[in-house]
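Now for the letters of each chain:
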Amino acid sequence: LSHNIVQDDEDTFKILIATDVHLGYLEKDAIRGNDTNNTLNEILKCAKTNQVDFILLGGDLFHENKPSRKCLHNCITMLRKYCMGDSPIQFNILSDQTVNFNTTQFPWVNYQDENLNISIPVFSIHGNHDDPTGAEGLCALDLLCAAGLVNHFGHSQSVERIEISPILMQKGNTKLALYGLGSIPDERLYRMFVNNQVTMLRPKEDQDDWFNLFTIHQNRSKHGPTNYIPEQFLDDFLDLVVWGHEHECLITPTRNEQQLFYVTQPGSSVATSLSPGEARKKHIGLLRVKGRKMNLQKIPLKTVRQFFIQDVVLADYQDRFTPDTPQVTKKVEDLCYAKVTEMLEEAERERLGCPLTPEKPLIRLRVDYSGGFETFNTARFSQKFVDCLANPKDIIHFVRRREQKEDIKGLAQTKYTGLRVEDLVKQYFEAAEQTVQLSLLTEQGMGKAIQEFVDKDEKDAIQELITYQLEKTQRHLQARGVTSEQEIDTEVRRFRDSKKNTTEEENDIKEVSKECRHALNVLNLFQCQTSVFLSQAINRARAHRLERGDQPADLDISSELADINMDFDEDPIPAPTRGRGRGGRGRATSQSRSIMQGRRIQRCHRVIEICL
């Protein structure tokens, strides 16, 4: 493997690499609404200008799991504009395409479709933002795939074992094996690697002649004991790993000295959070591969909105003021005004000669007010820059690093930091009394269904899980010949407990999405028996509620769930505390994020209670 300059010729693959485009992010924002469209347009235009062989996307092409019609329309329009045409494709695919593209009814690469005219093929894995969900297990990439605009690969449909089969390409004398793995929950994938359940298949012949390129979309940095994928888990025969999901641009390949492959982390092409990692300049990569040699050229993106971030620790300015200084709040505000002005001037200097760069930059000033300082009114402060910035509502972010933060509205925010929906469900039932424990469903299955309902807006997820599991349990009871009510209760619990923490439980969760429609058809054949078991389940649930002192009520899960507002980002932020402005919506401040996280937790509790 070499980093030597690779010359363009008939043996050289030219690949444009990008990850985390997040198309549609803040598309309703008056200032930033077109940022992702402009940058995707630049990426595709760059691919066409450089006459690349194909584009490789590392996941999260879309920001939302269900992108809007406007977002899809813009994406389709740009792909059609830049990726369709008469230019001939200079490489061949040698592998079994029915294995490589197993999520479509057209299991072949789009440029070989006789009804399409593709000049630049796009190969993409899915990310965690645009992953497959719902009964059909489809994602937005599958829509583009059905339209013949994108080649979706790297989708593993098994929870027992993952076999990553490469797309084998050849251009002249250069052989390229392209591996891909779409986003999978980190904890599950970590466990599968540890249990040797992940296999990367290799060509049968001349294995040493292939350049092995792998694209993955997982946590690279450690967020917990198993909430990431260590690089050493990956096979050592790989040559280059394109790592998606991480937004910090570290596109220059770094060598893993243990596995002896290189890793490139292109980062996102838009800042989706005002954090230091997003402040790095955004790039895409032009990868050239010839034989076993490679060269990665960094290409700076010119349409990305500038982002500057700076930290201010008020305790470091004791020569200017202390908490006891007269009018100290005014002096702190003046200091912040000067810092923001400096960043604006720096942005203006950098933007000179770059007409594609948006005029208004993003500015974030993180102010550590530990040591007795007071916050000032951020809404009033923001008014001074409303015409200069793209984010006037959340310029200032107050932090208190060395003091215990107060809980907001009595919620123990630190307890729920980073807590996922499925973790909350598990925690809920671990603390619940025996009378409210689940008797038909498993906690993992319920957690997955509620996650789909809350995070992916799959309104039928919980009902589909209950229907599927009810039908499966019914078949089990019929096979066992159980008749009495006492035997039914005992056998149902035994059947449920036998699947806990097993591969069968994960398969059941997977099958809910894939076979729920079939389950509904089967269920109609046993309508009489089903009504008996469902009636018993409702009566037991009603009895549990009465034992807890709740008022009698009809157990109508679907109607009650429909009344719960799950559109978290649209919740209004409560009135500010004394001395602090309202701030922005959604991601504006840590306070607003904490409040929305608290509401999210309350709603999850409400969903769980309804399901009981």
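Residues numbered from 1 in each chain as written. Predicted model: local features only at pLDDT ≥ 70, side-chain atom pairs only at ≥ 80, totals over all residues. Heavy atoms only, no water.

- Within an unreviewed UniProt entry, the label attached to the protein reads Double-strand break repair protein, and the organism entered is Anabas testudineus.
- Its UniProt record gives the protein a comment under Sequence similarities (unreviewed entry), which states: "Belongs to the MRE11/RAD32 family." (UniProt positions renumbered as here; feature names shortened; annotations may be inferred.)

## Comments concerning the overall build of the protein
- Counting secondary structure elements, the protein contains 15 helices and 18 strands.
- A total of 612 residues make up the protein; the buried ones form 53% of that total.
- Approximately 29,500 Å² of the protein is accessible, and the part contributed by carbon and sulfur atoms is 47%. (Helix = DSSP H or I, 4+ residues; strand = E, 2+ residues; numbered from the N terminus. Buried < 20%, exposed > 50% of the residue type's maximum accessible area, 1.4 Å probe, protein only. Areas by Shrake-Rupley, 256 points an atom, 1.4 Å probe, with all protein chains shown as cover.)

## What to know about the side chain of threonine 12
- Looking at where threonine 12 falls in the secondary structure, it is placed in the segment before strand S1 (13-18).
- At 2.8 Å, the side chain of threonine 12 and the side chain of aspartate 9 are in polar contact. (Polar contact = N/O pair within 3.5 Å; in protein donor to acceptor, adjacent residues only side chain to side chain.)

## Some thoughts on the pattern of salt bridges
- Under the counting rule described, the total for this entry stands at 18 salt bridges.
- Linking aspartate 394 and arginine 364 is a salt bridge whose minimum nitrogen-to-oxygen distance equals 3.9 Å. One end of the pair, aspartate 394, is in the loop between helix H7 (378-382) and strand S18 (396-399); the other, arginine 364, is in strand S17 (residues 362-368), and 30 residues separate them in sequence. Arginine 364 matches aspartate 394 in its accessibility class, with the two residues each being buried.
- Here the salt bridges share partners, and the residues they tie into one network are Asp8, Lys14 and Arg288. (Salt bridge = Lys/Arg side-chain N within 4 Å of Asp/Glu carboxyl O.)

## Considering the side chain of glutamate 231
- Along the chain, the position of glutamate 231 falls in the loop between strand S10 (210-217) and strand S11 (240-244).
- Among the residues examined, glutamate 231 registers a relative accessible area of 17% and is labelled buried.
- At 2.7 Å, the side chain of glutamate 231 forms a polar contact with the side chain of asparagine 256.
- The contact partners of glutamate 231, leaving out residues within four places of it in the chain, are Arg220, Trp243, Asn256, Gln259, Phe261 and Val263. (Contact = heavy atoms within 4.5 Å.)

## Considering the confidence of the model for the protein
- For the protein, per-residue confidence averages 82 on the pLDDT scale, and residues scoring 70 or more make up 72% of the total.
- Below a pLDDT of 50 lies the segment residues 403-418, which in the model reaches 22 contacts outside its immediate sequence neighbourhood of four places, other chains included.
- Low pLDDT, under 50, characterises residues 513-532; the predicted model gives this stretch 23 contacts beyond four residues in sequence or across chains. (pLDDT = per-residue confidence, 0-100.)

## Here's the deal with the packing of helix H1 (residues 35-49) against helix H2 (residues 69-83)
- Relative orientation of the contacting elements H1 and H2 amounts to 15 degrees, with a least axis distance of 9 Å. Between H1 and H2, the angle is such that the two are roughly parallel. In the packing of H1 onto H2, the handedness of the crossing is right-handed. For the pair H1 and H2, contact is made by Asn37, Leu40, Asn41, Leu44, Lys45 and Lys48 and by Asn74, Cys75, Met78, Leu79, Lys81, Tyr82 and Cys83, respectively.
- A per-class count over the contact of H1 with H2 returns seven nonpolar, three polar and three charged. (Axes fitted to C-alpha atoms, helices over the stretch in contact; angles between N-to-C directions. Parallel < 35°, antiparallel > 145°, perpendicular 65-115°, else oblique. Left-handed = near helix turned anticlockwise from the far one by under 90°. Nonpolar A, V, L, I, M, F, W, Y, C, P; charged D, E, K, R; others polar.)

## A closer look at the sheet that holds S11
- One open sheet accounts for seven strands, arranged S3-S7-S8-S10-S11-S13-S12; its pairing is mixed. Taken across any chain shown, the strands that pair with only one partner, and hence form the sheet edges, are strand S3 (92-93) and strand S12 (250-255).
- When strand S7 (residues 167-171) meets strand S8 (residues 174-181), the two strands line up antiparallel, connected through five bridges. By the bridge assignment for S8, isoleucine 167 is matched with leucine 178. (Pairing = 2+ DSSP bridges.)

## Looking at the nonpolar core
- Ranked by size, the top nonpolar core spans 34 residues in total, and within it Leu16, Ile55, Leu61, Phe62 and Leu79 carry the most contacts.
- Elements with a contribution of two residues or more to this core: S1, H1, strand S2 (54-57), H2, helix H4 (140-146) and strand S14 (283-290).
- Once residues lying within four places of it in the same chain are set aside, the contact partners of isoleucine 55 are Leu16, Leu44, Ala47, Cys83, Ile120, Pro121, Val122 and Phe123. (Core = buried A, V, L, I, M, F, W, Y, C linked by side-chain atoms within 4.5 Å.)

## Focus on H2
- Helix length check: H2, at 15 residues, gives a terminal C-alpha distance of 21 Å against a target of 21 Å (1.5 Å per residue), a fit within 8%.
- Regarding H2, the residues found buried are Cys71, Leu72, Cys75, Met78, Leu79, Tyr82 and Cys83. The buried residues of H2 all sit within an arc of 135 degrees when viewed along its axis, so they share a single face. Looking at H2, the residues exposed on the side facing more than 90 degrees away from the buried face are Arg69, His73, Arg80 and Lys81.
- In this structure, the buried residues of H2 make contact with H1, S2, strand S4 (122-124) and H4. (Expected span 1.5 Å × (residues − 1). Arc of directions from axis to C-beta.)

## What to know about the UniProt feature "active site" (unreviewed entry) in the protein
- Following the UniProt record, one finds the feature "active site" (unreviewed entry) at His129.
- Here histidine 129 shows up in the loop between S4 and H4.

## Considering the state of the cysteines
- Considering all chains together, one arrives at zero disulfides under this definition.
- Cysteine 71 takes part in no disulfide bond, and the closest cysteine sulfur to it belongs to cysteine 75, at a distance of 6.8 Å.
- On the accessibility criterion, cysteine 71 (2% relative accessible area) is buried.
- Cysteine cysteine 83 is unpaired, with the sulfur of cysteine 75 as its nearest cysteine sulfur at 9.3 Å.
- Judged by its relative accessible area of 3%, cysteine 83 falls in the buried class. (Disulfide = S-S within 2.5 Å.)

## Examining the packing of aromatic side chains
- By the definition in use, this model includes 19 aromatic pairs.
- Between phenylalanine 381 and phenylalanine 385 the ring centres are 5.5 Å apart and the planes differ by 50 degrees, which places this aromatic pair in the tilted class. The burial state of phenylalanine 381 is the same as that of phenylalanine 385; both residues are buried.
- The ring of tryptophan 243 carries the charged tip of arginine 220 above its face, separated from the ring centre by 5.9 Å. (Phe/Tyr/Trp six-rings, centres within 6.5 Å; stacked < 30°, edge-to-face > 60°. Lys NZ or Arg CZ within 6 Å of the ring centre and 35° of its normal.)

## A look at the sheet that holds strand S5 (residues 151-152)
- Sheet architecture is open: six strands sit in the order S5-S4-S2-S1-S14-S15, paired in mixed fashion. Looking along the sheet, the strands with just one partner apiece sit at the ends: S5 and strand S15 (293-300).
- The strands that H1 touches are S1, S2, S14 and S15; relative to S1, the one it contacts most, it runs at about 175 degrees.

## Remarks on unusual backbone geometry
- Unusually for a residue other than glycine, histidine 22 sits at a positive phi of about 55 degrees.
- Tracing the backbone shows histidine 22 in the loop between S1 and H1.
- Backbone geometry places aspartate 206, a non-glycine residue, at a positive phi of 50 degrees.
- On the secondary structure map, aspartate 206 appears in the loop between strand S9 (198-200) and S10.

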